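Reading the structure
One-letter residues, chain by chain:
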Amino acid sequence: MYAQLVKSEGSKSREEMTPQELAFQERIDRGEKIEPKEWMPEGYRKTLIRQMGQHAHSEIVGQLPEGNWITRAPTLERKAILLAKVQDEAGHGLYLYSAAETLGVTRDELMEKLHSGNMKYSSIFNYPTLTWADMGAVGWLVDGAAIMNQVPLQRTSYGPYSRAMIRICKEESFHQRQGYDIMMKMCAGSPEQKAMAQDALNRFWYPALMMFGPSDKDSVHSAQSMAWKIKMNTNDELRQKFVDQTVPQAKYLGLTVPDDNLVWNEEKGGYDFSEPDWSEFFAVIAGNGPCNAERLGARIKAWDDGAWFRDGLMAHAEKAASRRIAAE
Amino acid sequence: MSGALEAVDRAVFAEWLQRIGDNVLILGHRVSEWCGHGPALEEDIALSNQALDLIGQCQLWLGLAAEVEGKGRTADALAFLRDAGAFRNLLLVERPNGDFGQTLMRQFLFDAFHIELLRALKASSDPRVAEIAAKAEKEVAYHLERSADLVVRLGDGTTESHARMQKALDLLFPYTGEMFADDATDRAMAEAGIAVLPSSLKAGWDRTIADVLAEATLTHPGEVWQHGVKGTGGKTGVHSEYLGFILAEMQFLQRAYPGASW
Ligand SMILES: [Fe+2]
Ligand SMILES: [Fe+2]
Ligand SMILES: [Fe+2]
């Protein structure tokens, strides 16, 4: 998802827990929210920082593939909608960095980890947006997958994270709708437009499935995160839900999901479908996706080019403060 | 049909509306180029929001321009299907973004003019113009507050931020004269009571600029050569090389797939 392969710290059985750890786990089991000033195991704090940081980074790196088409949007209305959408993503980044800061890490520290490659962002944003239909596919599939994951996270155990998710989810459904609306327009349009829409689905289908992370059998860090209610569902559960929701939407558009093995399974009440190519997923995560260098490069450039600006504001604030003191 | 419409030639009225609509369209385009690349997350959000305001205003101004023109065109047709020579925006708004200081200075110089213009247009004899101006004024008041504040803080920040802001000011100031140069279109619109003469906005702008630059510890460039003030500037369709590239990008889909609906 926006947080893939988040390494979870330690996994203890109840017998191994200290009384304090046990009391903490019981609070979570009762559905209580953990607030910033309260005691928490170091592993819980560290895992949350990783997950929320990765989620925040995904929001801001996620501005780039869609930002790529703002200046080329085909109508004034579409331009305005896309601008509003990408602006929302920056806002999501801001909520999440602020929520992460309650755990004792600064936004600058998190940024530094993103830039040095020590923290990741979602693999999906390392794919290029090649046509206008990609704006449709990204809203429909990428925001759609994000919603799958973020709706349950509204109930996550950490208070500030849960509240950030509640705010974010309100906006995500607008994102998905605007994406699907672009797809509807393209599919009802000229043959070239419909072909663009199909091509966008072909390119984004498997990368969207990868957003949920590796298959449960290979997902080593899930158990502890689920016990802590930092992760609410397994990767495969969410992926199945996503496929079941998305396939009928593709049919409604008159588009073909690029999977010959896609078939309704009456018994499980869901679709059987092909797994993405996991070697590609791990290659993208390792930095070898089609746009990794551009995406991270753009973030680093923005940060470096902005240094004089941030320093200037800081210097002015200091001057203003000392003038105030002198005047008193 | 309103009295104002009869008071001035439709073509002149539409031309004048395109000047305002094109200013916000092209500036909105430039500002939107920052989306995802801002120097801080808060700035990124503020810039996108500003671009969004400007594109929204463009829809209203160009929508009215198309209506007044009465040839069945739409705001989108004006934005996406005119060539550079038919655009009427000021040279200032098509200047490249440069560093963030140049983007900010361009915004400040324009905002200070834009607010004077909109305040004057609230008293327009044409109620449609007055209505759009009133709506836009609220947004632009905020744009100016923000750009003036940042100009002050960066002008009076570090040695480097001061130098960058002074350079941006010196670079862009020669494009400000065009905002206040009256021509036949402006005079016809002012006579009809729909608009005011651009030259009448200069005193208010001068005050804002002088106050903010002083607080920012920046040096006013004074009397310098001004581009586009002798009837051959953006307002009459004589642009810089930059506009062609802006349009090549902006109009790409409409040009590549004529008649498609999006
Ligand atoms: Fe988001
Ligand atoms: Fe998200
Ligand atoms: Fe979103």
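Residues numbered from 1 in each chain as written. Chains lettered and ligands numbered in written order. Predicted model: local features only at pLDDT ≥ 70, side-chain atom pairs only at ≥ 80, totals over all residues. Heavy atoms only, no water.

Regarding the packing of helix α4 (residues 76-101) of chain A against helix α7 (residues 159-187) of chain A
Residue and element names in this part refer to chain A. At their nearest, the axes of α4 and α7 sit 10 Å apart, and the two run at 160 degrees to each other. When the interaxial angle is binned, α4 and α7 end up roughly antiparallel. As α4 packs across α7, the resulting crossing turns out to be left-handed. In terms of residue class, the contact of α4 with α7 is made up of eleven nonpolar, three polar and nine charged. (Axes fitted to C-alpha atoms, helices over the stretch in contact; angles between N-to-C directions. Helix = DSSP H or I, 4+ residues; strand = E, 2+ residues; numbered from the N terminus. Parallel < 35°, antiparallel > 145°, perpendicular 65-115°, else oblique. Left-handed = near helix turned anticlockwise from the far one by under 90°. Nonpolar A, V, L, I, M, F, W, Y, C, P; charged D, E, K, R; others polar.)

Quick word on the nonpolar core
Y44 and W132 of chain A together with L25 and M105 of chain B are the most contacted members of the largest nonpolar core, which totals 177 residues. With 14 residues, helix α3 (residues 41-69) of chain B is the single largest residue contributor to this core. Residues in contact with W132 of chain A, not counting those within four places in the same chain, are W69, A73, P74, R78, L82, I182 and M186 of chain A together with L253 and W262 of chain B. (Core = buried A, V, L, I, M, F, W, Y, C linked by side-chain atoms within 4.5 Å. Buried < 20%, exposed > 50% of the residue type's maximum accessible area, 1.4 Å probe, protein only. Contact = heavy atoms within 4.5 Å.)

Things to note about the coordination of the iron ion (ligand 1)
All names here are of chain A. Coordination of the iron ion (ligand 1) by the protein involves E59 (OE), E89 (OE), H92 (ND1) and E172 (OE), with metal-donor separations of 2.0 to 2.3 Å. Because the angles between the four donor atoms bound to the iron ion (ligand 1) fall within 82 to 151 degrees, the donor set is best described as irregular. When the donor residues of the iron ion (ligand 1) are listed from N- to C-terminus, their spacing reads E-x29-E-x2-H-x79-E. Here the iron ion (ligand 1) and the iron ion (ligand 2) are spaced 3.0 Å apart, linked through E59, which binds each one. Taken together, the residues span a long stretch of sequence, with E59 in helix α2 (residues 42-61) and H92 in helix α4 at a distance of 33 residues. (Donors = N, O, S within 2.8 Å, 3.2 Å for Na, K, Ca; no water. Tetrahedral: all angles 85-135°; square planar, octahedral: opposite > 155°, others 65-115°.)

Description of the pattern of salt bridges
On inspection of all chains with the given rule, the structure shows 37 salt bridges over all chains. The partner of E26 of chain A in a salt bridge is R14 of chain A, and the shortest N-O contact between them spans 4.0 Å. On the criterion of sequence distance, the pair formed by E26 of chain A in helix α1 (residues 19-29) and R14 of chain A in the segment before α1 is long-range, its members being twelve residues apart. Take E26 of chain A: its relative accessible area is 35%, and that puts it in the partly exposed class. Residues E42 of chain A and R45 of chain A are paired through a salt bridge, measuring 2.7 Å at the closest nitrogen-oxygen approach. Pair noted here: E42 of chain A and R45 of chain A are both in helix α2, with a separation of three residues, about one helical turn. Since its relative accessible area comes to 41%, E42 of chain A is described here as partly exposed. Three or more residues joined by partner-sharing salt bridges are found here, namely E15, R19, R88, D183, D186 and K235 of chain B. (Salt bridge = Lys/Arg side-chain N within 4 Å of Asp/Glu carboxyl O.)

Overview of a negative patch on the surface
Negative charge collects at one region of the surface, where E101, D108, E109 and E112 of chain A lie side by side. Among the secondary structure elements, D108 of chain A is positioned in helix α5 (residues 107-115). (Patch = residues over 30% accessible without salt bridge, like charges linked within 9 Å, V, L, I, M, F, W, Y side chains within 5 Å. Areas by Shrake-Rupley, 256 points an atom, 1.4 Å probe, with all protein chains shown as cover. Lys, Arg positive; Asp, Glu negative; His and termini not counted. Charge placed at Lys NZ, Arg CZ, Asp CG, Glu CD.)

Let's talk about the confidence of the model for chain B
Averaged over all residues, the pLDDT of chain B is 96; the fraction at 70 or higher stands at 98%. Across the whole predicted complex the pTM is 0.95, and at the interface the ipTM reaches 0.96. (pLDDT = per-residue confidence, 0-100.)

Quick look at the interface of chain B and chain A
In this assembly, 48 residues from chain B lie in contact with 45 residues from chain A. Across the contact surface, chain B and chain A share three salt bridges. One salt bridge in this structure joins D156 of chain B and R323 of chain A, with 2.6 Å as the shortest N-O distance. Where the side of chain B that touches chain A is concerned, the elements lending two or more residues are α2 (10-32), α3, α4 (75-81), α6 (100-121), α7 (127-155), α8 (159-172), α11 (241-250) and α12 (252-256) of chain B. The element contributing the most residues to the side of chain B that touches chain A is α3 of chain B, with twelve residues.

Description of α6 of chain B
All names here are of chain B. The terminal C-alpha atoms of α6, which comprises 22 residues, lie 31 Å apart, in line with the 32 Å expected from a rise of 1.5 Å per residue. Burial analysis of α6 places 19 of its 22 residues in the buried class, which makes it a mostly covered element. Capping the start of α6, D99 holds a side-chain oxygen 3.0 Å from the backbone nitrogen of G101, two or three residues further along. (Expected span 1.5 Å × (residues − 1). Polar contact = N/O pair within 3.5 Å; in protein donor to acceptor, adjacent residues only side chain to side chain.)

Focus: the coordination of the iron ion (ligand 3)
A four-donor tetrahedral metal ideally has 109.5 degree angles, and a six-donor octahedral metal ideally has angles of 90 or 180 degrees. Residue and element names in this part refer to chain A. Binding of the iron ion (ligand 3) to the protein goes through E89 (OE), D143 (OD), E172 (OE) and H175 (ND1), at separations of 1.9 to 2.2 Å. Considering all four donor atoms around the iron ion (ligand 3), the spread of angles at the metal, 86 to 168 degrees, places the coordination shape in the irregular class. In terms of primary sequence, the donors binding the iron ion (ligand 3) are separated according to E-x53-D-x28-E-x2-H. Residue class for E89 comes out buried when judged on its relative accessible area of 3%.

A look at the packing of aromatic side chains
Given two aromatic rings, one states the distance between the centres and the angle between the planes to describe the pair. Applying the stated criterion to the full structure yields 21 aromatic pairs over all chains. Taking the centre distance of 5.7 Å and the plane angle of 85 degrees together, the rings of Y44 of chain A and W228 of chain A count as edge-to-face. Here Y44 of chain A, found in helix α2, pairs with W228 of chain A, found in the loop between α9 (222-227) and α10 (235-253); they are 184 residues apart in sequence, far enough to count as distant. Residues Y44 of chain A and W228 of chain A agree in their burial class; the two are buried. Summarising the aromatic geometry, the rings of F13 of chain B and W16 of chain B are spaced 6.4 Å apart at their centres and angled 40 degrees between planes, so their arrangement reads as tilted. (Phe/Tyr/Trp six-rings, centres within 6.5 Å; stacked < 30°, edge-to-face > 60°.)

Quick word on α11 of chain B
What α11 of chain B keeps buried is the set L243, I246, L247 and M250 of chain B. In a view along the axis of α11 of chain B, the buried residues occupy a sector of 95 degrees, so they form one face of it. Every exposed residue of α11 of chain B that faces more than 90 degrees away from the buried side is listed here: E241, F245 and A248 of chain B. Looking at the packing, one finds that the buried side of α11 of chain B touches α4 of chain A together with α2, α4, α5 (91-94) and α12 of chain B. (Arc of directions from axis to C-beta.)

Quick look at the side chain of R95 of chain B
Topologically, R95 of chain B is positioned in the loop between α5 and α6. There is a polar contact of 3.3 Å between the side chain of R95 of chain B and the side chain of Y175 of chain B.

Overview of the environment of W225 of chain B
Residue and element names in this part refer to chain B. Secondary-structure assignment places W225 in the loop between α10 (202-215) and α11. As for W225 and A188, which are separated by 37 residues in sequence, their C-alpha atoms are 27 Å apart. In contact with W225, other than residues within four places in its own chain, are P174 and K230.

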